[in-house]
Amino acid sequence: MKVGVLQIDQHFLNLSSQSISTLLSWCDPVTRFAPQRLFVFLRANEAPPRVTTSLFEGICKVYNQAFRHNPDLDVRVCLANLKPASFNQAIERRVVTADVVFRDDQARLDPMFQIRPSAHVSGLVVTNGMLHELIDAKDQQRAPEEDWASYDNVVIGGTFDHLHAGHKLLLSNAILRCNRKLTIGLTVQEMLKKKRLADLIQPIEERHRVLHEFCTAVDPSLEYNIVPISDPFGPSIVDPDLEAIVASEETLDGANAVNLERHKKNLRPLRVHTFPVNDVVVVESDIGENSGLRTISSSWCRHRLLGRVLKPPMRQVYLIGLTGGTGSGKSRIGSYLAAKPGVLVIDCDKIAHEAYRKGTTLHGRLIEEYGKEIVDTESGEIARKALGTIVFSSPVAREKLNRLVWPEVMKYCLSKIEEAAPEVAVIDAALLLEAGWGSSLNEIWVVFVPEDEAVNRIMERDEISEEYARARIRSQMSNRDRINQANIAFCSSWAFDVTNAQVDRAWTELRQRLSRGRGQDLLSLHPD
Ligand SMILES: CC(=O)SCCNC(=O)CCNC(=O)[C@H](O)C(C)(C)COP(=O)(O)OP(=O)(O)OC[C@H]1O[C@@H](n2cnc3c(N)ncnc32)[C@H](O)[C@@H]1OP(=O)(O)O
């Protein structure tokens with residue numbers, strides 16, 4: 001995820017909604033930065049902070065304008081540095097890793113958060129006072145600077161589906177009022193069946209994860225107690241330690257109902273704090289029944305999802321099969337390619353060896369097939385030299401071994417590629433074409449040397465006879481047959497530099513091919 005940081009000093013309170021929109025347009029998807037998440041730091045001086053009504057109004061302006069401007073941008077206004085309670089705690093300076101930083105040269109660095117450029121940073125934009133120029137003197141009519149009451153234990157509740165600006169304001173309001181523990185009642189799925197487009201409501205595990213991630217990102221100093229609730233009250237009517245409840249104006253009745261229930265149970269009443277959230281009109285909402293939805297809500301977010309990408313399609317990994325006869329230098333080329341950015345190389349010989357380690361099912365199957373003489377008496381592992389002598393001299397024995405080992409190797413390759421999700425995966429396999437894997441790959445790269453040279457190399461490397469070396473070579477496909485199926489061929493007959501130059505050429509041309517097609521990412525992420 002591309003992360004941006006926008007750092008504005010305390011003068012942000014004087015920014016008009018229009019100016020905030022201008023700031024946010026720097027993050028638009030059409031810009032070269034286009035972050036998907038934006039951390040906003042609204043204070044950058046060393047003086048102890050104060051939480052006031054106008055501070056919260058400033059935060060409202062940021063969230064509401066951001067949502068209006070681009071609902072897909074995940075904005076997070078950092079709060080720990082705005083509250084005396086968190087600021088005074090000796091918490092570690094939190095690191096935010098950013099791909100792009102928008103910072104006014106007049107703003108000082110934040111004392112609580114440390115902004116660190118990511119590996120793919122696209123720019124540190126210092127705006128030479130531009131943020132200050134945006135401050136609109138006419139837009140300074142604000143509520144009086146009232147200090148806010150704060151409490152050790154605060155409670156809120158909700159569904160928190162597709163976390164939007166309204167939720168973020170509720171959470172921010174509660175976090176700003178809380179010094180120690182924030183309890184959040186999270187509605188379970190069964191209570192939501194009657195909601196519009198209920199099938200699109202995120203599962204509770206996902207809503208829980210997003211909530212927790214958001215809260216700990218904006219104020220890591222609090223304890224967050226997120227409790228699933230299957231009635232309208234949850235912990236708010238049982239926890240005697242709670243002191244205050246925060247609700248939007250629309251849900252004030254719910255908060256009052258909580259106090260009625262607490263009264264019945266002889267629990268002290270909660271201080272009720274409300275704020276208006278739904279005063280922002282969102283424009284794009286004309287899908288069928290949705291035409292009635294004009295303000296920020298989860299229903300609006302769910303309607304907006306219709307016909308859009310729910311989760312990004314799995315990135316397609318570009319698959320290259322690297323193959324070549326024994327002694328051709330294939331493994332060296334595999335290692336050379338592994339150092340290229342965004343590449344995962346899987347050495348299938350090594351995977352095959354791992355597949356029949358002692359304790360695996362395959363270990364037992366090989367002993368059943370070839371007898372105890374293939375077992376190393378000391379270690380109990382398969383003695384590969386002994387197994388090799390059998391299979392390289394008998395096509396039938398070899399065929400059986402291949403049928404047992406190849407599916408295991410393939411299974412490993414697929415899981416490794418899924419786990420690592422590289423830009424390009426190189427499957428380095430001697431018998432790739434014999435195994436019929438070629439048709440599932442994007443390209444086939446073949447390494448070859450003349451047979452006599454391969455014989456000399458493996459005689460020396462493996463200390464084997466010429467006869468055995470030739471038997472191993474002939475157990476495989478010929479160079480000619482491999483090259484007939486290859487997209488690219490390398491010959492490793494000369495110095496390493498000469499081979500490397502061939503691989504570099506193939507790599508450069510691959511990047512050009514990918515950038516013409518779907519591979520823009522590869523070029524932009526790895527400009528070298
Ligand atoms: C689809 C694939 O290509 S999967 C990768 C290839 N591996 C297999 O097919 C698994 C079966 N092979 C094996 O288990 C082992 O290679 C054994 C037991 C036969 C021999 O083990 P070892 O003596 O340690 O030799 P090693 O595994 O290093 O293989 C020696 C060479 O024979 C090749 N080779 C491996 N298996 C076979 C086979 N079934 N038929 C022909 N050649 C093979 C290897 O790729 C290697 O080539 P290289 O000289 O370019 O490195």
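Look up a bit, the structure's there.
Residues numbered from 1 in each chain as written. Predicted model: local features only at pLDDT ≥ 70, side-chain atom pairs only at ≥ 80, totals over all residues.

Visitor: Would you mind going over the overall build of the protein in detail, with residue names and values included?
Guide: Of the regular secondary structure elements, the protein holds 18 helices and 17 strands. If you take every contact in the protein between residues at least 6 apart in sequence, the share linking residues at least 24 apart comes to 74%. (Helix = DSSP H or I, 4+ residues; strand = E, 2+ residues; numbered from the N terminus. Contact = placed C-beta atoms within 7 Å.)

Visitor: Tell me about the site of the ligand, and please be specific about residues and values.
Guide: Taken together, the neighbourhood of the ligand is formed by 27 residues, with T326, G388, A429, A430 and L431 sitting nearest. Contributions of two or more residues to the shell around the ligand are made by α9 (330-338), α10 (348-355), α12 (384-391) and α13 (395-420). Top element by residues in the shell around the ligand is α13. It accounts for six residues. Looking at side-chain class alone, the shell around the ligand contains 14 nonpolar, seven polar and six charged residues. (Near = placed C-beta within 6 Å. Nonpolar A, V, L, I, M, F, W, Y, C, P; charged D, E, K, R; others polar.)

Visitor: Before we move on, could you go through unusual backbone geometry and cite the residues and values that matter?
Guide: With phi around 45 degrees, H162 is a residue other than glycine that occupies positive phi space. With a phi angle near 50 degrees, L197 is a residue other than glycine that sits in the positive phi range. Here L197 shows up in the loop between β9 (178-187) and α6 (204-218). Accessibility expressed as a C-beta count within 10 Å gives 16 for L197, which makes it partly exposed. (Buried ≥ 20, exposed ≤ 12 C-beta atoms within 10 Å, placed from the backbone.)

Visitor: Lay out α9 in plain terms, naming residues and giving numbers.
Guide: The set of residues buried in α9 consists of K330, I333, G334 and L337. One side of α9 holds all its buried residues, which, seen down the axis, span an arc of 105 degrees. Each element contacted by the buried residues of α9 is listed here: β13 (318-324), β14 (343-347), β15 (424-428), β16 (443-448), β17 (488-491) and α17 (496-516). (Arc of directions from axis to C-beta.)

Visitor: Outline the nonpolar core, supporting the account with residue identities and numerical values.
Guide: Judged by nonpolar contacts, the single largest core of 63 residues is most densely connected at V40, Y63, V77, A174, I175 and I245. Not counting residues up to four positions away in its chain, the partners in contact with V40 are L6, V62, V75, R76, V77 and C78. I351, V424, A429 and V446 belong to the second-largest nonpolar core, a separate cluster that totals 44 residues. (Core = buried A, V, L, I, M, F, W, Y, C linked by C-beta atoms within 7 Å.)

Visitor: Account for the sheet that holds strand β12 (residues 271-275), naming residues and giving values.
Guide: Spatially, the five strands line up as an open sheet ordered β10-β9-β8-β11-β12, and their pairing is parallel. Each edge of the open sheet carries a strand with a single partner, namely β10 (223-229) and β12. Going from strand to strand, the sheet's axes swing by 25 degrees on average, the running direction of each strand aside. Summarising the sheet, strand β8 (residues 151-158) and β9 pair through seven bridges and their orientation is parallel. Counterpart to G158 in the pairing with β9 is L186. Of the strands in this sheet, β9 and β10 touch α6, which is tilted by about 160 degrees from β10. (Pairing = 2+ DSSP bridges. Axes fitted to C-alpha atoms, helices over the stretch in contact; angles between N-to-C directions.)

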